[in-house]
Each structure stands twice: as structure tokens, then as C-alpha cells.
Amino acid sequence: MTALLVCVLVTVAVLVYVFYLPGELHLGPEKTRATYLRERKDVIYENLRDLNFEYRAGKFPDADYQSLKASLEDEAAAVLAEIARLEEISRSPASPGLRGKTGARA
């Protein structure tokens, strides 16, 4: 009987320890879309470096290497274009056509 009581107490203690949430959670800084894209760009470049290294080490056949490299380069180009678009939007003031657009033509 005491073994059963000990098992129940240990189980409750483990569950409380695992699932207890403190009153205030400390979250990291909020990420913007630009921050996410810059991190993604770094990951893609690192993957390209790893791919090149592994290809030179003979781990990939030429056809696989070319397709993986093209895929990563396409993704990098898309990320860089999105970063450039976001930077352009943040630098330029609101365009005049968008401020007072009512649908009427001049």
C-alpha cells in the first residue's frame, strides 16, 4: 500500500514539474518579417556551403548536386527579392496614389 502511495506522489510531483507554468513567461524579442528573412538567408547560404563541401567530398552525384544547388539558389533569390522589397517599402514614404485613392479618375 505504501509503495502505491509513493508511486502516486512521485507521478503527481513529476506531472506538476513538467506541466507547471509560471505566472509570467519570458519570451524572446519579437521577430519582424525582415529579421526572419535575414535568418532564412543565412541558413540557405550555410546549406549551399555544406552542399558544395559534400559534393567535393564525393557524397552527391552530379545530377543531385545540380538540382539541389538550383533549388537553394532559387530560394535564396526569392528571399533576397523579398528583403529588397521590404527595405524599399520601409525607405519610401507612402505613395501618393495610395493615400487619397477614392476610385475617381482625373
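Look a little higher up for the structure.
The sections below set out a description of the structure shown in this document. (Residues numbered from 1 in each chain as written. Predicted model: local features only at pLDDT ≥ 70, side-chain atom pairs only at ≥ 80, totals over all residues. Heavy atoms only, no water.)

For the rest of this paragraph, the subject is a nonpolar patch on the surface. Judged by side-chain polarity, Val-6, Val-10, Val-14, Leu-15, Tyr-17, Val-18 and Phe-19 come together as a nonpolar surface patch covering roughly 770 Å² of accessible area. Summarising the element assignment, Tyr-17 is placed in helix α1 (residues 2–19). (Patch = residues over 30% accessible without salt bridge, like charges linked within 9 Å, V, L, I, M, F, W, Y side chains within 5 Å. Areas by Shrake-Rupley, 256 points an atom, 1.4 Å probe, with all protein chains shown as cover. Salt bridge = Lys/Arg side-chain N within 4 Å of Asp/Glu carboxyl O. Helix = DSSP H or I, 4+ residues; strand = E, 2+ residues; numbered from the N terminus.)

Before going further, it helps to examine the pattern of salt bridges. Between side chains of opposite charge, pairing is possible as soon as their charged atoms come close. If you walk through the whole model with that rule in mind, you get four salt bridges. Among the ionic pairs, Glu-39 bridges to Lys-31, the shortest N-O distance being 2.9 Å. Taking the relative accessible area as the measure of exposure, Glu-39 reaches 36% and is therefore partly exposed. Here Lys-31 falls in the exposed class, since its relative accessible area comes to 52%. Residues Arg-38 and Glu-87 are paired through a salt bridge, measuring 3.2 Å at the closest nitrogen-oxygen approach. (Buried < 20%, exposed > 50% of the residue type's maximum accessible area, 1.4 Å probe, protein only.)

Leu-37, Ile-44, Leu-48, Leu-51, Tyr-65, Leu-72, Ala-76, Val-79 and Ile-83 form the largest nonpolar core, which has nine residues in total. Of all the secondary-structure elements, those providing two or more residues to this core are α2 (33–56) and α3 (62–91). For this core, the element with the highest residue contribution is α3, accounting for five residues. Ignoring any residue separated from it by four or fewer positions in sequence, one finds Leu-37 in contact with Val-79, Glu-82, Ile-83 and Leu-86. (Core = buried A, V, L, I, M, F, W, Y, C linked by side-chain atoms within 4.5 Å. Contact = heavy atoms within 4.5 Å.)

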